[in-house]
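A structural walkthrough
This is what each chain is made of:
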Amino acid sequence: MERLLRGLFGTGQMGRVGPAVPLCEGRGRHLSLREAVPGEEEENEGGTCYAVRRLIPGKWRHGGRLVRDLARLDMGLASVLAGDAVLNEMRVHDALFLDTETTGLAGGTGTVAFLVGLAWFEGEDLVVRQLFARDFDEEGAVLSSLGAVLRERGFIVTFNGRAFDCNLLQTRFIMNRLPNPLEGVPHLDLLHPARRLFSHRLASCSLGALEEAVLGVRRSGDVPGWEIPSLYFRWLRHGDASALSAIFDHNRLDLLSMAALARVLGEVLDPEGEGENTPPGVMVRAGRLLLSRRRIDEGRRHLERAAACRDDEAAREARRELSLLYKRAGRWDEALRVWAEMVGEDPGDLFALVELAKWWEHRGGEPARALELTLEALKVASGPSLDDLNRRRGRLEKKIRRRGGEG
Amino acid sequence: MAKLTLAQWLSQAENNRRFMENVKAVKEIPPREAVYADFPPWVHEGLRAVLRSQGVERLYSHQAEAVALVRQGKNVVLCTPTASGKTLCYNLPVLQRILEEKETRALYLFPTKALAQDQMHEVQQLVAGLNEEIGVFTYDGDTPDDARRAIRNRGRIVVTNPDMLHTGILPHHTKWQKLFTNLRYVVIDELHVYRGVFGSHLANVLRRLSRVCRFYRQDPVFICCSATVANPREHAEALLERPVSLVATSGAPSAAKVFFLYNPPVVNRELGIRQSALTPASKIAADLLENSIPTIVFATSRLNVEVLTKYLKDRLDREDPGQRSIVAGYRGGYLPELRRRIEAGLRNGEILGVVATNALELGIDIGDLEAAVLCGYPGSIASTWQQAGRAGRRTGLSLVVLIARSSPMDQFLMENPEYFFARSPEFCRINPDNLMILVQHVKSAAFELPFEAGETFGGENLEEILELLEGKGVLHRVGKRWHWSAETYPADEVSLRSINPRNVVVVDATKTGEHKVIAEVDWDSAFTTVHDGAIYMVESRQYHVDRLDLERNTAYVHAVDVDYYTDAMTYTKVGVLEVFDGRRLETALVEHGELKVTSKVVGYKKIKFYTGENLGYGEVDLPEKDMHTTGYWFTVPHEFLLDLPYNQSEIIDGLAAVAYALHHLAAMTLMADLRDLDRAVGEKGGEWFLRTGPARGAFPLTAAGDAPSVPEAFDPTIFLFDAYPGGIGFSDLLYERHDYLLGAAERLIASCPCPSGCPSCVGPTLEVGRRAKETALAVLALLRSKP
């Protein structure tokens, strides 16, 4: 058997343990966990694990903002971000920010969340509690502790938690035969609103990219996410904690950035907010998001502001949305005004030409005028809209002939 | 000319003396009456009504027996002929249980996606009549992402394949919590397919399934169906590793069948060469098709599928241009949409004839075919009956023609037809503890659930493997548990269908800028089918391989029209790594154990269509392939051989001839596929080897690298070994049957009517020399001499 096994794996690797890296690098000294990341043991019904508590004071700055300012998240707007009205009835202090560090990204039952980072506001400070499984047998205690913290809060805030963290934790609770306390808990996953508001400006909507572009945070010396699993495996094999503090720092920064991102996203949605800094393109998207959540008034105000700005592209988009909003509400005068403005600025604006043609055909009762607009539109149209326009043109010409015949 | 019905065609054939001269046996299998049994009293009224509406008033006796056993919670393997209503034996108890307990779940495993689709539709038809909401879904690589969650939660019956269970379901078992906590039944159809490597993998996947079921505190009942094999119960128990009850007496009626054994005439008595089986196969099939009799032709290799398809199309075209489209080829390597198109064409009658490998042996619905032409013995009795069963599932009369090739197996059957008709079919063998396979599944199992100290997983020492994997850094032990501790997803590293998951894609580069993938070839056959210079055929179109790029896993080809095809030549070198057991006989040392086998493709023959004429050779430069496997061998001390009245090269020919006969007989006695085994003649140290095949003679030996300089005094060894890395468990069986094998080889060679050796006994004389038959018998006499 030995030989066959050797045949399978190739010779010379049989006795080697772990990756071929020196046991200690950098400072050259084996650090204990307590030295590297001061914390304490926690005991609960799930067993024992290691817990680290840090307080980030309200006067600290993260990017352009004070921590105490992050706690001023408007819960009405948070409920818009989450698409869940339940958040309306909660306080910002009910929020539990959650971020896990795992043994891999492959997913499946063999991936473990060895570090569960949790954060919440106490007064104006942010409290961070990080639960660490020093080995696989401490996972039960980490999960139990997470359950206990969660009972004190009302909802969770994550970044990509729907697809990743919560999914993974669900598996871990099942694997440990524990009920999943996350089930049914309201969840604000910041990735989705962040994508809706910013993806047109950013190549990637990762937390790192948002930090740089939106929060004004630049990390230095941060451990890259893909390196984290192997650092944990090294700790498991060699008991050297020197690399661990980097993982804890990384996790804590992620939590802090999530709190900041929630606040910024809320601000962007706030029509009363210091919106001067919000780029018009983002304003249009904020308007759309609000409209999709049936916050019509606030959405309209964003669009009106964007429609009045100097950014042509954003203004055109905003006017379009706005005119449709007026149209749906039956506010025809305002809709007509916007379309006229659009054609005034750009006589080849297909959207406005078509809408005006529709109006003159069905409401204004002047088919000749509608035909004129349709012919204008045909000059700039292409693709499938051509068919629609030609049908309209045929119909209008028929109408006009019929009227001519009557007259 | 009026078209004939099958019955008319048959009576015409039976009056045709030239045809009947080559027919070695005609067996008329009479129709069989049904044996019925009543529905058991517990069967739900709604279910009875649905079955009655489908014409099922009563059950066949075997169905009643099977459902009763399942009802008692027994694992069952059902082994009855094609079209005997096996699916009802699992659908009935499963649906019954779902009607009784709404949350019940069942998992169905089929070896292919196409079969899974077929089965899903069949169950859905039953469910549609029940007026109950019972979700029946397939779950495989084609399932859209947005449907997966619903299937996981709502599917009462999930129809999938072993590969998906292995990579998609078990490693994500927590997402399938609903299924596993309610899993009462696991259905495994086409059980006989899971033998050899595939079976050994499946046994391990089932070990993993059992672990996961234990975690959810379930112990499902297994219901298995198999084609007729010799050891269905033993095979099921080997796969499931739990007791299984056998139901083997069919109560289903069957239609009349006429079975011809056809031996092509000898065309060169001197060389013992018969007419190629391809010639009568295409002639008979074309004749049937011209009479609009739906016909399936089975060929033994992918290459022969292509050659035969071309022959048939050419023949039909000559008779009636435009008819070529009524025939299609069908084999592994065709892209799925092409296969689906052919299957549909067969069902709706647009395609009347199909030439297939055993890919169509399984129960894919291809409509009613009346005739099956088997071009060459498929290698096992079970496969033969399975292929024969593809004709005449419902019609009153069907025809099967088995056409022999020159191989010893085929010829043995022609000479002993009663042996074929009376014989029990083959044994299925697996070796789930093949270390190469086992270790891969231990990794996947650890990913799914940590291993506990004291746990078992197969027959090998699990702890030793866990420690080894811990040393490799993929497992981590804490307390009494081993946890997966790597970032990778181990199931992705293993393909159940072969040892090597790599594939080579074949790209048609005829038009620059319009490259098109036309087929896929598994890594191991790539070396022999798409090497530089090869003619590769798809749908009987020819492509010349311009370059095989092993780094990119791609073969670049361009379309050509040539009058030849190519056949690769390999050499094999064997060295002994470890002897498990040995015994010294009077004139030989017989052993079995571990071997290192090195093989290399050195060149290819160009063979002309129709005549089979050798048009020349080409050289190929591909890397050697190493394999560790298990084998059986025996060594003859040279002093005995020196006593024989032949020179050294004649003795070497004699040994090659003995190896040839032994290889075929071993496959036959083991009831394994010929390709599951391989042979070599050489020296135990691996210093020296003998190249057999056409390369002996005209082809320069230096093309293989170094010309073997055979030492004066050496002790030659004949090796028979498992053709899979790690071995499949045949070698100890052969070791035990050494005496029997030598006796059978002697009888085969001595009773062969050829004068000096032919493909039916010692191999073609071109390959083994003109005195091979004589020297082989002398070597065998020496080996069998008792003190």
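The structure displayed is predicted, hence computed values, not measured ones.

**Some words on the overall build of chain B**
Scanning chain B from N- to C-terminus turns up 26 helices and 33 strands. Against the globule reference of 28 Å for 787 residues, chain B gives a C-alpha radius of gyration of 27 Å, in line with a compact fold. For chain B, the spread of C-alpha atoms along the three principal axes comes to 80 × 80 × 65 Å. Looking at chain B as a whole, 59% of its 787 residues are labelled buried. Put simply, of all contacts in chain B between residues at least 6 apart along the chain, 73% involve residues at least 24 apart. Per element, the accessible surface of chain B, about 31,000 Å² overall, is 48% carbon and sulfur. Positive and negative charge centroids in chain B, built from 86 and 99 side chains respectively, lie 4 Å apart.

**Overview of the pattern of salt bridges**
Residue and element names in this part refer to chain A. If you walk through the whole model with that rule in mind, you get 64 salt bridges over all chains. Glu212 is the partner of Arg218 in a salt bridge, and the nearest nitrogen-oxygen pair spans 3.7 Å. Within the structure, one salt-bridge network assembled from shared partners comprises Arg65, Asp69, Arg72, Arg263 and Glu267.

**What to know about the interface of chain B and chain A**
At the interface, 38 residues of chain B touch 35 residues of chain A. Here chain B and chain A share an interface that buries about 3,200 Å² over both sides, 63% of which is from carbon and sulfur atoms. Taken together, chain B and chain A are joined by eight residue pairs in polar contact (both at pLDDT 80 or more). Looking at the side of chain B that touches chain A, the elements that each hand over two or more residues are α18 (435–448), α19 (462–471), β20 (475–478), β21 (481–484) and β27 (564–584) of chain B. Residues that form the side of chain B that touches chain A fall into these classes: 18 nonpolar, 11 polar and nine charged.

**Section: the domain arrangement of chain A**
Residue and element names in this part refer to chain A. For chain A, the assigned domains read domain 1 (32–269), domain 2 (274–329) and domain 3 (345–407). A straight line from the C-alpha centre of domain 1 to that of domain 2 covers 32 Å. With 16 residues of domain 1 at the contact, the number on the domain 2 side is 14 residues. Overall, the association of domain 1 and domain 2 removes approximately 1,200 Å² of surface from exposure, summing both partners, and the carbon and sulfur fraction of that is 62%. Where domain 1 packs against domain 2, one counts zero salt bridges. In this structure, the connection of domain 1 to domain 2 is made through five residue pairs in polar contact (both at pLDDT 80 or more). If you list the elements that add at least two residues to the side of domain 1 that touches domain 2, you get α4 (75–82), α7 (191–198) and α10 (244–269).

**A look at the sheet that holds strand β26 (residues 554–560) of chain B**
Residue and element names in this part refer to chain B. The strand order across the open sheet formed by five strands is β23-β22-β26-β25-β24, and the pairing between neighbours is mixed. Two strands lie at the open edges of the sheet, namely β23 (516–522) and β24 (535–538), each paired on one side alone. Ignoring strand direction, the axes of neighbouring strands in this sheet form an average angle of 35 degrees. Pairing analysis gives six bridges linking strand β22 (residues 503–508) to β23, with the strands arranged antiparallel. Of the residues in β23, the one forming a bridge with Asp508 is Lys516.

**Examining the side chain of His187 of chain A**
All names here are of chain A. The residue His187 is located in strand β9 (residues 187–189) in this model. Here the side chain of His187 touches Thr158 through a polar contact of 2.7 Å, side chain to side chain. Each residue touching His187, except ones within four places of it in the same chain, is listed here: Ala82, Ile156, Thr158, Gly161, Arg162 and Cys166.

**Re empty space enclosed by the protein**
Under the counting rule described, the total for this entry stands at four cavities of 30 Å³ or more. Within this model, the largest cavity holds a volume of roughly 70 Å³. Lining of the largest cavity is provided by Thr109, Gly110, Val112, Phe136, Arg172 and Met175 of chain A together with Ala446, Phe447, Pro450, His483 and Trp484 of chain B. Of all elements in the fold, only α6 (161–175) of chain A together with α18 and β21 of chain B reach the threshold of two or more residues within the lining of the largest cavity. The residue inventory of the lining of the largest cavity, partitioned by class, reads seven nonpolar, three polar and one charged.

**Quick word on the domain arrangement of chain B**
Domain boundaries assigned for chain B yield domain 1 (6–30 + 255–422), domain 2 (36–247), domain 3 (435–493), domain 4 (503–562) and domain 5 (568–605 + 622–784). Using C-alpha coordinates to define each centre, domain 2 of chain B is positioned 39 Å away from domain 4 of chain B.

**Some thoughts on the nonpolar core**
Residues Ile342, Val530, Phe634 and Leu662 of chain B are the most contacted members of the largest nonpolar core, which totals 104 residues. Of the residues forming this core, the biggest block, 13 residues, is contributed by helix α22 (residues 648–670) of chain B. Sequence-distant contacts of Leu662 of chain B, defined by excluding residues within four places in its chain, comprise Phe634, Ile718, Leu720, Leu741, Leu742 and Ala745 of chain B. Counting residues in hydrophobic clusters, the runner-up holds 50 residues, among them Ala71, Val92, Phe97 and Ala286 of chain A.

Definitions and cut-offs
Residues numbered from 1 in each chain as written. Chains lettered and ligands numbered in written order. Predicted model: local features only at pLDDT ≥ 70, side-chain atom pairs only at ≥ 80, totals over all residues. Heavy atoms only, no water. Helix = DSSP H or I, 4+ residues; strand = E, 2+ residues; numbered from the N terminus. Rg over C-alpha atoms; globule rule 2.2 N^0.38 Å. Buried < 20%, exposed > 50% of the residue type's maximum accessible area, 1.4 Å probe, protein only. Contact = heavy atoms within 4.5 Å. Areas by Shrake-Rupley, 256 points an atom, 1.4 Å probe, with all protein chains shown as cover. Lys, Arg positive; Asp, Glu negative; His and termini not counted. Charge placed at Lys NZ, Arg CZ, Asp CG, Glu CD. Salt bridge = Lys/Arg side-chain N within 4 Å of Asp/Glu carboxyl O. Buried area = accessible area lost by both parts, 1.4 Å probe. Polar contact = N/O pair within 3.5 Å; in protein donor to acceptor, adjacent residues only side chain to side chain. Nonpolar A, V, L, I, M, F, W, Y, C, P; charged D, E, K, R; others polar. Domains from an automatic or database assignment. Pairing = 2+ DSSP bridges. Axes fitted to C-alpha atoms, helices over the stretch in contact; angles between N-to-C directions. 1 Å grid on protein atoms, 1.4 Å probe; cavity = no way out; pocket = protein on both sides within 12 Å on 5 of 7 lines; lining within 4 Å. Points joined across faces, edges and corners; volume = space filled by probe spheres on them. Core = buried A, V, L, I, M, F, W, Y, C linked by side-chain atoms within 4.5 Å.

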